[in-house]
Amino acid sequence: QKQLKVIIRATLVGANLAGTNLAGVNLSDADLSYADLSNANLSDANLAHANLSNANLSDANLASANLSEASLARATMIRATLVGANLAGTNLAGV
């Protein structure tokens, strides 16, 4: 099965991606605001400069993900895994 690896500058506002395997995918500059990413696997994903404001990241795996300069403002992150994630310059207001 082929896995998607690059989705740069995608507009996925409000998308239902719950439980989706996005491990290692390049989502840099993507707009994922209001998206449901609960239980999603985003380990090793590149989310640099991505907009994840108001997204649901409950139980999401963000281990070793690149979230540098991303916006997680008002995101729901209950039980999200962030071990080894790059949070340099990340907006975490209201999280």
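Residues numbered from 1 in each chain as written. Predicted model: local features only at pLDDT ≥ 70, side-chain atom pairs only at ≥ 80, totals over all residues. Heavy atoms only, no water.

Visitor: Even after reading the chapter, I still don't get the overall build of the protein chain, so can you show me in this structure?
Guide: For the protein chain, the count of helices and strands is zero helices and zero strands. Against the globule reference of 12 Å for 95 residues, the protein chain gives a C-alpha radius of gyration of 11 Å, in line with a compact fold. Its C-alpha atoms give the protein chain principal-axis dimensions of roughly 40 × 25 × 20 Å. Per-residue burial for the protein chain yields a buried fraction of 44% across its 95 residues. Sequence separation of 24 or more characterises 0% of the internal contacts of the protein chain that already satisfy a separation of 6 or more. Summed over its atoms, the accessible surface of the protein chain is roughly 4,800 Å², and 48% of this surface lies on carbon and sulfur atoms. (Helix = DSSP H or I, 4+ residues; strand = E, 2+ residues; numbered from the N terminus. Rg over C-alpha atoms; globule rule 2.2 N^0.38 Å. Buried < 20%, exposed > 50% of the residue type's maximum accessible area, 1.4 Å probe, protein only. Contact = heavy atoms within 4.5 Å. Areas by Shrake-Rupley, 256 points an atom, 1.4 Å probe, with all protein chains shown as cover.)

Visitor: Would you explain the nonpolar core in this entry?
Guide: Considering soluble globular proteins, one finds that nonpolar side chains tend to be buried as a cluster. Core analysis: the biggest nonpolar cluster contains 28 residues, and Leu27, Leu32, Leu37, Leu42, Leu47, Leu52 and Leu57 have the highest contact counts within it. In contact with leucine 37, other than residues within four places in its own chain, are Leu17, Ala18, Leu22, Leu42, Leu52, Asn56, Leu57 and Ala60. (Core = buried A, V, L, I, M, F, W, Y, C linked by side-chain atoms within 4.5 Å.)

Visitor: Is there a simple way to explain the pattern of salt bridges in this structure?
Guide: Note that side chains of opposite charge can pair when their charged atoms are close. The full count for this structure, using the stated rule, is one salt bridge. Arginine 79 is paired through a salt bridge with aspartate 59; the nearest N and O atoms lie 2.8 Å apart. By relative accessible area, aspartate 59 is classed as partly exposed at 30%. (Salt bridge = Lys/Arg side-chain N within 4 Å of Asp/Glu carboxyl O.)

Visitor: So what exactly am I meant to see when it comes to a nonpolar patch on the surface here?
Guide: A cluster of nonpolar side chains, contributed by Leu82, Leu87, Leu92 and Val95, occupies part of the molecular surface with about 300 Å² of accessible area. A relative accessible area of 33% means that leucine 87 is categorised as partly exposed. (Patch = residues over 30% accessible without salt bridge, like charges linked within 9 Å, V, L, I, M, F, W, Y side chains within 5 Å.)

Visitor: Looking at this model, I keep getting lost on unusual backbone geometry. Mind explaining?
Guide: Outside of glycine, negative phi angles account for most residues, and trans bonds account for most peptide bonds. Of note in this structure, histidine 49 is not a glycine but carries a positive phi near 65 degrees. With a phi close to 60 degrees, arginine 74 is a non-glycine residue in the positive phi region.

Visitor: Can you walk me through the environment of alanine 73 in this structure?
Guide: Looking at alanine 73, the relative accessible area reads 4%, which means it is buried. Setting aside residues up to four positions removed in sequence, alanine 73 forms contacts with Ser53, Asn54, Asn91 and Ala93.

Visitor: What should I look at first to understand the environment of asparagine 54 in this one?
Guide: On the accessibility criterion, asparagine 54 (23% relative accessible area) is partly exposed. Spatially, the C-alpha atoms of asparagine 54 and glycine 94 are 9.5 Å apart, while their sequence positions differ by 40 residues. With sequence-adjacent residues up to four places away left out, asparagine 54 is seen in contact with Tyr34, Ala73, Arg74 and Ala75.

Visitor: Can you help me understand the environment of leucine 17 in this one?
Guide: Look at leucine 17 and you get buried, because its relative accessible area is 17%. Separated by 19 residues in the primary sequence, leucine 17 and aspartate 36 place their C-alpha atoms 5.5 Å from one another. With sequence-adjacent residues up to four places away left out, leucine 17 is seen in contact with Leu12, Leu32, Asp36, Leu37 and Ala40.

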